[in-house]
Amino acid sequence: KVETIGDAYIAGTAETPLTAENSPINVVLFGLDMVRSVSKWAKEKDIQGITCRVGVHHGECIGGVVGARMQRYHLFGDMLVGLEILESTAPEGQVQASQACKVDIE
């Protein structure tokens, strides 16, 4: 599921069991590809100050449709709080993974 909060793009995987396609390692590798792609694009366009930072976490959450006129599916729970913290504190140009992801990757 993907969320946008301000200028942040947040993608999270929900509780286990995770699929092979959406395993924590593949999500981290996707994040690294995003960081590299943004850096490469900025260099090709000769644009200064464009960077990307990524936070990766997984855990329990609930989801549901919110809104009356403009409905959308939204996730709620501690997982989203963890994702927001990881994204906002990740160093620019890097991927930061939670302890839960680290354990699953190892």
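Provided above is the structure to which this section pertains.
This is a predicted model, so every value here is computed, not measured.

**Structural notes on unusual backbone geometry**
Of note in this structure, Asp46 is not a glycine but carries a positive phi near 55°. A relative accessible area of 62% places Asp46 in the exposed class.

**A short note on helix H2 (residues 78-89)**
The α-helix winds at 3.6 residues per turn, so residues separated by three or four positions along the chain end up facing the same way. In a regular helix each residue adds 1.5 Å, so 12 residues correspond to 16 Å; H2 covers 17 Å between its end C-alpha atoms and thus fits that length. Along H2, the residues that are buried comprise Met79, Leu80, Gly82, Leu83, Leu86 and Glu87. One side of H2 holds all its buried residues, which, seen down the axis, span an arc of 160°.

**Section: a nonpolar patch on the surface**
On the surface, a nonpolar cluster with roughly 220 Å² of combined accessible area is contributed by Ile25, Leu29 and Ile105. The class of Leu29 is partly exposed, set by a relative accessible area of 41%.

**Some points on the side chain of Ser98**
Structurally, the position occupied by Ser98 is in the loop between strand E6 (95-97) and helix H3 (99-105). Ignoring any residue separated from it by four or fewer positions in sequence, one finds Ser98 in contact with Val56, His57, His58 and Leu86.

**Quick word on the pattern of salt bridges**
For the structure on display, the rule yields 3 salt bridges. Note that Lys40 and Glu44 form a salt bridge whose closest N and O atoms lie 4.0 Å from each other. Pair noted here: Lys40 and Glu44 are both in helix H1 (residues 24-44), with a separation of 4 residues, about one helical turn. Between Glu106 and Lys102 there is a salt bridge; the shortest N-O distance is 3.6 Å. Judged by its relative accessible area of 72%, Glu106 falls in the exposed class. For Lys102, a relative accessible area of 41% puts it in the partly exposed group.

**So, the nonpolar core**
Counting residues in each nonpolar core, the largest one holds 6 residues, listed as Val28, Val35, Cys52, Val54, Val56 and Cys101. At the level of secondary structure, the elements contributing two or more residues to this core comprise H1 and strand E3 (54-56). Other than its neighbours up to four places away in sequence, Cys101 contacts Pro24, Val56, His57 and His58. Membership of the second largest hydrophobic core comes to 5 residues, among which are Cys61, Met79, Leu80 and Leu83.

Rules of the game
- Residues numbered from 1 in each chain as written.
- Predicted model: local features only at pLDDT ≥ 70, side-chain atom pairs only at ≥ 80, totals over all residues.
- Heavy atoms only, no water.
- Buried < 20%, exposed > 50% of the residue type's maximum accessible area, 1.4 Å probe, protein only.
- Helix = DSSP H or I, 4+ residues; strand = E, 2+ residues; numbered from the N terminus.
- Expected span 1.5 Å × (residues − 1).
- Arc of directions from axis to C-beta.
- Patch = residues over 30% accessible without salt bridge, like charges linked within 9 Å, V, L, I, M, F, W, Y side chains within 5 Å.
- Areas by Shrake-Rupley, 256 points an atom, 1.4 Å probe, with all protein chains shown as cover.
- Salt bridge = Lys/Arg side-chain N within 4 Å of Asp/Glu carboxyl O.
- Contact = heavy atoms within 4.5 Å.
- Core = buried A, V, L, I, M, F, W, Y, C linked by side-chain atoms within 4.5 Å.

Honestly, it's all geometry; don't read function into it.
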